[in-house]
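# Commentary on secondary and tertiary structure
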Amino acid sequence: MNDSNLLLGLAVIAVVVSVIAAGFTYLSIASLTTKISGLAIGTANLTVETQASINFTTAVVNWGSGKVNDGQTQAHLSTVGAGSVSNGNWTAATGLILENNGNSNVSLNITVGKNASNFIGGTGSLYFINVSDNEVGACTNASGFALGLFYSANTSNTLLNCNSFRFDEAADAIRIDFNITIPENSLKGALGDIITATATAL
Amino acid sequence: MKRGLVFLLLFLFFFVNNSSALGISPAVVNLDFKPGEKIEIDYKVSSDFSDQRIIVFTKGDLAEHVKLSTNELTGSGMFRATITLPDSIDKPGPHTISIGVEEAPNEGGAIGTLVRVIGVVKVFVPYPGKYAEAELKIGDGNIDENIPFEVYVVNRGREDINVDVNLLFIDGLGERVGTMQFPSHLMASGQEKTFKGTLNTEGYKPGNYMAEAYINYGDELMTNKSFRIGSLFVNITNFTTELKKEGIQRFSIDIESMWNENIKEVFADVNISNEFESITFRTPSEELNAWNRKTLVGFLDTSTLEGEYKTEITLNYLGEQTVTYGTFRIKEFNLIYLMIGIIIVLIGVIVFFVRNRKAFNPRKK
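Since the structure is predicted, the reported quantities are computational estimates derived from the model, not experimental observations.

Analysis parameters
Residues numbered from 1 in each chain as written. Chains lettered and ligands numbered in written order. Predicted model: local features only at pLDDT ≥ 70, side-chain atom pairs only at ≥ 80, totals over all residues. Helix = DSSP H or I, 4+ residues; strand = E, 2+ residues; numbered from the N terminus. Buried ≥ 20, exposed ≤ 12 C-beta atoms within 10 Å, placed from the backbone. Contact = placed C-beta atoms within 7 Å. Nonpolar A, V, L, I, M, F, W, Y, C, P; charged D, E, K, R; others polar. Pairing = 2+ DSSP bridges. Core = buried A, V, L, I, M, F, W, Y, C linked by C-beta atoms within 7 Å. Axes fitted to C-alpha atoms, helices over the stretch in contact; angles between N-to-C directions.

## A short note on the overall build of chain A
Along chain A, the regular secondary structure elements total 2 helices and 11 strands. For chain A, buried positions account for 32% of its 202 residues. Taking the intrachain contacts of chain A between residues at least 6 apart in sequence as the baseline, contacts between residues at least 24 apart amount to 72%.

Here is the structure:
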């Protein structure tokens, strides 16, 4: 009997405590709601930075080591498409891909560091460069050249002036291809040139 | 040892084919020339490689007034350019300072690359006297809507100006259909202001319009821009009128939206009929963007059709319909044309032999 009364008492206390706690919870939520939906006035500040940025996603043309085949006077190396090598045993390589990965249109200028004679040397060496849209519309207002045509690489000329190299995701990449002819009496050893891409914010 | 070799080969592969990215932010900073003013600009440089050596440089016609906090960075980083403008610049107009970064060459193969990226600081030197530039912006809209517009004005002169902005709205027939006037506004040298308003198109007809903004500041400047007021109408501009009698054929319907919002679903019900038969088919549904053109294509089995039919095309979109009527013809293979062709060829062959009979006669040799 005493045990039953004790249990009953504890149960009543538990119910009373629960009711009081529920009341506090209700008041707290009501107060919080007032604070959330009340008269708070704020200012959202957001600044979007401008950035000029370019990225050679394929930054190197590497044909590896090779030589003109026996019985041939010259070899031809091209980066067009998947790349090709004829009359030589170099490894075919693809062209350079340059992307405008910033959020500003830029003007783009591409120059070579050498011409055929000091890059490859020998008799009848050729060094040609070709710039094309890797994504249609990437290079607009090209001046002094036509997209997709090969031009003789020449250090004294500004090869390519893309007056607007766009940053739009669907049209922000160009491709730079090369055609070179290596004669059997070319320079020997590790031959190389550097292509410089200069992007200026518009 | 073998694992080490594989790692070395992979390392070489990625090193040789790596990317080469370089960026500078902010890309463009615009300043109005104030004699002797000192401006500090903090630049962020981003690079793919933490150990990349990057050269910081400046050039341009005011480059001698720029001091860089560093001339070299390693990998991504920041630098400050402090520009102390001279007391005077003789030549008014825009002047450009280039602040750039250049990475060391990427020399993994026969042809390597070098990237140089240049941010620009455009310093504008005011023109003598009063000089303002303005730009009007207004977009397309729909009838019974408010079309927002804004006139941006900048005082490019050395003197303060009092600016009055008036707008005219002209319809496609050249008639003035609306005007708007802003209160006069005093603008100090170098100050810019955007005058914003809305054009209520209630009562306007759908079509092409021209907005003209007249900016009077002692001198007058006019800038204009065309815009369109659309109605919920999709026009059928062309459709197939002739098909070969050759199985399943494409039936095309060219459409053009006159509405300034995208229409999610546009499709056409096509009925072709003559006194003997009636055939109905529906084109797939297409989304039509604002003011855009599109071609809807349905398919029709022409193998049992003959002669000429009446065409009724019902275009369905947003609960509206555009209906157009026309005729449609089945182009059949015509035997008589073939016969005429064969006869012409035969006559040609006979004439050729008659004219050259001596050459073909062996007894005359």
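## Examining the interface of chain B and chain A
Taken together, the contacts link 31 residues of chain B with 31 residues of chain A. Of all the secondary-structure elements, those providing two or more residues to the side of chain B that touches chain A are strand E1 (20-25) and strand E9 (111-125) of chain B. Tallying contributions element by element places E9 of chain B first for the side of chain B that touches chain A, with 10 residues. Looking at side-chain class alone, the side of chain B that touches chain A contains 15 nonpolar, 14 polar and 2 charged residues. Both strand E1 (residues 52-58) of chain A and E1 of chain B contribute to a ladder of 5 bridges, which runs antiparallel. Across the sheet, residue Ser-53 of chain A finds its bridge partner in E1 of chain B, namely Gly-23 of chain B.

## Re the nonpolar core
Side chains that are nonpolar tend, in soluble globular proteins, to be buried together. By size, the foremost hydrophobic cluster in this structure holds 64 residues, and its most contacted members are Val-61, Leu-98, Ile-176, Ala-197 and Ala-199 of chain A together with Val-117 of chain B. Sorting elements by how many residues they give to this core places E9 of chain B first, with 8 residues. Not counting residues up to four positions away in its chain, the partners in contact with Ala-199 of chain A are Ala-52, Ile-54, Val-106, Leu-108 and Phe-165 of chain A together with Val-117 and Ile-118 of chain B. Tyr-131, Ile-138, Ile-161 and Ile-229 of chain B belong to the second largest nonpolar core, which has 22 residues in total.

## A short note on the sheet that holds strand E25 (residues 293-301) of chain B
Residue and element names in this part refer to chain B. The strand order across the open sheet formed by 3 strands is E19-E21-E25, and the pairing between neighbours is antiparallel. Only two strands of the sheet have a single partner each, and these edge strands are strand E19 (234-239) and E25. Each neighbouring strand pair of the sheet contributes to a mean axis angle of 30°, computed without reference to strand direction. The pairing of E19 with strand E21 (residues 248-257) spans 5 bridges and is antiparallel. Looking at the pairing, Asn-238 lines up with Asp-254 of E21.

## Details of the environment of Gly-172 of chain B
Mapped onto the fold, Gly-172 of chain B is located in the loop between strand E13 (161-171) and strand E14 (176-181). Taking the C-alpha atoms as reference, Gly-172 of chain B lies 9.7 Å from Arg-228 of chain B; in sequence the two are 56 residues apart.

## Things to note about the sheet that holds strand E16 (residues 192-200) of chain B
Residues and elements named next belong to chain B. Read across the sheet, 3 strands follow the order E10-E12-E16 without closing on themselves; strand pairing throughout is antiparallel. The sheet is open, and its two edges are formed by strand E10 (132-138) and E16, each paired on a single side. For this sheet the average axis-to-axis angle between neighbouring strands, irrespective of direction, equals 15°. As paired strands, E10 and strand E12 (residues 146-155) are joined by 7 bridges and run antiparallel to one another.

## Focus on the pairing of E12 of chain B
All names here are of chain B. Residues Ile-147, Phe-149, Val-151, Val-153 and Asn-155 line the buried face of E12, whereas the alternating positions Asn-146, Pro-148, Glu-150, Tyr-152 and Val-154 sit on a face that is not buried. Bridge count for E12 against E16 is 9 bridges, and the pairing is antiparallel. Across the sheet, Glu-150 pairs through a bridge with Lys-196, a residue of E16.

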